[in-house]
Amino acid sequence: MNAGKTPGYLLKKINKALCSAFPRKDDLKMMLRYQFNRNLEEVAGDKKLNTIVQELVDDFENKNKLAKLLNKALKENPGNPELKAIKEKFEITTSLFNLLLPLEKNFINQMQQAYRACCPDDYLNYLEEDELPDTLFEILRNLDDIPQANEDEEIIVKFVARLLATGDIPEQTADKLKQWIKKNPNNPSDLLPKTISHYQNDQQTNLDAQPYLLVKLESSKQYHQQRQSYLVEAWFIADRSNYNYLRNHQDCKILKTPQNDDKSEQHLLSIEDLPNLILFLIKQSKSIRNEEVKRFYLQGIIKLFYKPIIVFFLPYLLFNYAFEIIETEDDDNSPIPIGSEYCVIFRSVKRLGKKYYQGQWLIKWQQLQNNNTTISCLNNFAFSDCETWEELYADWEEKNAIGVKLHKPPCEQILGMIDRTAIPVVLWLRKNDFKTINFKQALEQLLNCKINELPEKVKQQRLQAFPKAKKKQEHIGHHLALLWEDPYLLPPQIDLLPPQIDCNTP
């Protein structure tokens, strides 16, 4: 964030939160000394507390370090609810403010339109047309002041959704706004009405829930053309928010395989057949998505569509087959690895059949979801160059790790222990004999993120590696694999009824 770009109403709330967390000058002085090794007298003189705090806030904002001030202040007083709330609001609002400020001059009408669309009717009844806010600053301030019926709602997310729905926002900024929505701690798909009539009457937009392409491969005892063969099933979920694997199967489309006779959902394929299979399934997914776009358009509904996340459910034998480097081709025959174009993650097919660890798996996943914007990969991942699964098991149990980082491909024993202990996230390199790069340092930089950001970070690494491939330049993005075990994203009719979970249970 650029210095001086924090909205004034937010600075006022930051001042109030800091005064609440440090009600005496000595408290503030100790925080500044302990967390920054600075003397309060260097920043402010002997004045009233709120004046001192404001001078402190101004000093950090001018140095582009206001976020750091809030982080360190919260570290010093983690139990203060006002400080915790303003830290989250600061991150959300300032990131949006900086994205939209360059557009204010040319797109203020669209911003006003989005503002009207997401305000409650009873609030708008008090406004005349000429009373609408005419700056981005005023729009965000007013949105922040509007009472919300549900404390989980984020009206600012609704505002961004409706702004995107105007269709006027430049593509580059629109992409950034979509990413902003995805990173928002609340689930935006839950914030908007579901009925078509409501969409048509109020011209509200349905936020794009993430589509998924699920591909399940199981080792078969049969052989396909004298080679090991695999039973293949595939499904496409156009809208994750409307899909429940136990109930509404109609929102998950069964896909055909190239030689499928339309009578069987499974088909035997060899490893050599897999590239053609994946391309065939991606084409089907695109066709389904195009039909969805037409259907919503005819109903007068504006909906945003992302590219699907591709999920492979695999037996242990295929965990180190590099699915992500399978290449797709467009009409110009320009091959692109699917890992550079799509987010590609892996799952264990064994978890679909083993019930004795399901409770532990669900509990760990729920803990991850409840804290996915605060859990740091660097601090919550076990690490191993271990030769044996026993050493790795001891490390992740001691750390109570939510994820594991490996510098080399996991053997079958380690994969078995990952399943048995229900670890939900594992990141590894398919090779580590690099000559020109420090792969350990590159991996540390990759993991310097929140855990909910990791799949996208892995995709970015693969994309950065793509132009280096033809030049034979080394990059960890050529060799990254990510296990991402979401127990609620399963093929339809899997008999794993989720139990009620109490995440406070030790």
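Before any of the text, the structure's been laid out above.
None of the values given here were measured: they were computed from a predicted structure.

Draft legend 1. Focus on the overall build of the chain. What the chain contains, in helices and strands, is 19 helices and twelve strands. Per-residue burial for the chain yields a buried fraction of 49% across its 506 residues. The contacts of the chain with a sequence gap of at least 6 include a subset with a gap of at least 24, amounting to 68%.

Draft legend 2. How the structure looks around helix α4 (residues 66–76). Looking only at α4, the buried set comprises Leu66, Leu69, Leu70, Ala73 and Leu74. When α4 is viewed along its axis, its buried side chains cluster within an angular range of 125° and face the same direction.

Draft legend 3. Structural context of the side chain of Thr421. Topologically, Thr421 is positioned in the loop between α17 (412–420) and β11 (425–429). Judged by its relative accessible area of 6%, Thr421 falls in the buried class. Setting aside chain neighbours within four positions, we find Thr421 in contact with Gln360, Lys364, Tyr393, Trp396 and Glu397.

Draft legend 4. Looking closely at the pattern of salt bridges. In the structure shown here, the tally under the stated rule is 18 salt bridges. The salt bridge partner of Glu444 is Lys405, with a shortest N-O separation of 2.5 Å. Taken together, the residues span a long stretch of sequence, with Glu444 in helix α18 (residues 439–446) and Lys405 in strand β10 (residues 403–406) at a distance of 39 residues. Taking relative accessible area as the criterion, Glu444 reaches 34% and is therefore assigned partly exposed. In this structure Lys405 comes out as buried when scored by relative accessible area, which is 8%. A salt bridge links Asp433 to Lys431, with the shortest nitrogen-to-oxygen separation between them at 3.3 Å. The class for Asp433 is partly exposed, based on a relative accessible area of 47%. Overlapping salt bridges bring together Arg347, Arg351, Asp419 and Glu485 as one network.

Parameters and conventions
Residues numbered from 1 in each chain as written. Predicted model: local features only at pLDDT ≥ 70, side-chain atom pairs only at ≥ 80, totals over all residues. Heavy atoms only, no water. Helix = DSSP H or I, 4+ residues; strand = E, 2+ residues; numbered from the N terminus. Buried < 20%, exposed > 50% of the residue type's maximum accessible area, 1.4 Å probe, protein only. Contact = heavy atoms within 4.5 Å. Arc of directions from axis to C-beta. Salt bridge = Lys/Arg side-chain N within 4 Å of Asp/Glu carboxyl O.

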